[in-house]
Amino acid sequence: MHREKTLLNRIQELEELLDLSERKSDILTNLLKEASAEFQQALEKVTISESNFRAVFENAPEAIYILCTDTRKILDCNPFTMEWLGYSRDELLSMRVDDILAAGSEGVEYNAGRTIEHGMVKISERQFQKKDGALVDAEVTGTLIEYEGKRRMVVLVRDITERKTLEELSRYKELFDNVSDPVFINDSKGRFLEVNDVACDFFGYPRIELLHKAIKHLIAPGQNQVVSEMGAKIRNGEAVTFQLEMITQDKKTIPFEFHGRSIKFLGKPAVLSVARDLSVRKKMEEALVKNERLSALGEMASGVAHNYNNLLQMIIASGEAALAKMEAGRIREARDSVKLILEAGRRGADTVRRIKDFTNVRSGQIAQKVPFDIGELLQEAVELTKPLWKDPQNSGKYIMLLDKPVGCMVNAKASEIYEALINLIKNAIEAMPDGGRLRIFNRITDSHIHLYIQDTGCGIAEKNLERIFEPFFTTKGAKSSGLGLPSSYGIIKRNQGEMTVESSPGKSTCFCVTLPLADGLVKQPKPEIIPVKTKKIRFLLIDDEINILKAMEMFFEDTEIDLIVADKASEGIKTLKKTKPDVILCDLGMDDMNGWEVGKIVKEYYAKMGTEKVPFILYTGLDIPLDSQKLIESGVDKVVTKPISCEQLERIVQEIVSCSPSF
């Protein structure tokens, strides 16, 4: 009985366990159904997300590429990336990100590490290089994603070139609007890309017209080399300062100082130039230089007077000697005395010419480069400065040692070199207020001569050596304008020379002037006077200086020229109508009528007669440029300057008449 009861209890327990198992199976089945549904929903979501990412990836209007976090190799890229950089998909997938970044890009590895560490990083700006080499500015953002089961980096690149251009234009616009000087931006060929309103006003062009021009259209002739040299320096990354003369629309020439440097404009290399008008400063410098020249000449006035008194003494003594010898019948010795008079006259004329050159009396003329003997010029400079270094009361104060080059010809502007040498001698003497030794010596190489001006003065401090050629820089205080050395330096440079200086403070200073020698110089023989044998030349000379007329009559009476003289302008016009001369020489300044007026009357007379006008020569003691239009209006065929030798005048008359169609 007991056993049956135990078996029934066991069966009941099994039935209960089976019932519980069935209930758990139902629960598990329901849970599996729910999990399966959730998984299916999740799977659908993942599929939708990946599809959305691919849609964004493929159609984004910005560059997107996927990188390997370890090697930075490009694993995938969107079509915009290919179009933007100009590469095919296969080309990009064979490259690393470093291959598409501009050369020299820094921090790439650091930013990749930050992205891996923090999950996302924004890299403010990068420059990318396209397949054609062009550089573009971009803003870069990177983040991590799961790609093909691995952690990868996706990079979004936004082109900001246009924004940078607008910012650049805004920055330059602010500069343009706030400066009072002309500002230009030009390309490598000098073509204007942008100009400010000040530039338009200065040069007189509308902005649209100025932007169709280049620098070469505005500069004065002969300055292309300067522009070319400065352009090369700017392209090499230098910031340069240089001077140019520019021409406005109304043909006015203005000197400018340019400050130029390279910039990026609209994403391309360009040149930014700011120009400063130097007109006022140039005029002030010219006035100061002229004042300094006159001041120096004033210091030398006693020396000039001394030289002229010596010349006058020579002329008077030689004239008296000539008369005495002629009265004694000793003609040969009288001839020698006359030669001394002529030599003294020529020396006096040369001195006057040099003084005029030095004081810039002929500033309106353009000095010409002609070969000259530098030794003779140096000797003249030493003579003119003699009052500064040769003190009659204390002849031992200064010792001048001159080693003059002999027969050394230089091709330059003699009047300018003369001025520079005088400035250097004067500067050396001023450096020795208590006396000393001034030595001038030279060294000649194959193509240059090196002149050394050495003093035993106080020397120049090392800190000042680099500045002594700067305008207005001086260590002498208010008594100096600071333009002597800069002026001399500019003169030597303009004549293709060099000027350097070496100094030992407290001991000495030595300036070296290097000038190019004249190449292939052959002394030209004096032109041969071709006598006109058909008839004697009738030469009318009009001058109110009686002694000049007498001297001319004595010279020409033994020549093939028949000289006719008139001591008044009115008398000369009457003589013209009576004698019908072949050539006329008229003085410019006379009491009753000047040479301009005589020339006009002569021109009108021949026009009225209906015949060819004879050559009309004007001569004057004023060594100044004459108005070219006035010369034409007065019928002047040639201008000669007093003093002129009779032989020269005879040669001029022969030449001008031989070229005249009426003779």
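Parameters and conventions
- Residues numbered from 1 in each chain as written.
- Predicted model: local features only at pLDDT ≥ 70, side-chain atom pairs only at ≥ 80, totals over all residues.
- Heavy atoms only, no water.
- Phe/Tyr/Trp six-rings, centres within 6.5 Å; stacked < 30°, edge-to-face > 60°.
- Helix = DSSP H or I, 4+ residues; strand = E, 2+ residues; numbered from the N terminus.
- Buried < 20%, exposed > 50% of the residue type's maximum accessible area, 1.4 Å probe, protein only.
- Lys NZ or Arg CZ within 6 Å of the ring centre and 35° of its normal.
- pLDDT = per-residue confidence, 0-100.
- Contact = heavy atoms within 4.5 Å.

Caption draft 1: Just the packing of aromatic side chains, in detail. As enumerated under the stated definition, the model contains twelve aromatic pairs in all. Between Phe242 and Phe258, the aromatic rings sit 5.6 Å apart at their centres with planes inclined by 10°, giving stacked as the arrangement. With Phe242 in strand E8 (residues 240–247) and Phe258 in strand E9 (residues 253–265), this residue pair connects regions lying 16 residues apart in the sequence. Looking at Phe242, the relative accessible area reads 12%, which means it is buried. Judged by its relative accessible area of 4%, Phe258 falls in the buried class. Measuring from ring centre to ring centre gives 5.7 Å for Phe539 and Phe556, while their planes differ by 75°; the resulting arrangement is edge-to-face. With a gap of 17 residues between them, Phe539 in strand E18 (residues 537–542) and Phe556 in helix H16 (residues 546–556) connect regions that are remote in the sequence. Considered together, Phe539 and Phe556 belong to a single accessibility category, that of buried residues. Through successive ring pairs, a cluster of aromatic residues spans Phe184, Phe192, Phe202, Phe203, Phe242, Phe256 and Phe258. Above the face of the Phe441 ring, Arg439 is positioned so that its terminal group lies 3.9 Å from the ring centre. Cation over ring: Lys642 sits above Tyr619, and NZ or CZ is 4.6 Å from the ring centre.

Caption draft 2: Expanded view of the confidence of the model for the chain. Here the chain averages 77 in pLDDT, and 71% of its residues register 70 or above. The model gives residues 520–534 a pLDDT under 50, and that stretch makes 14 contacts with residues more than four places away or in other chains.

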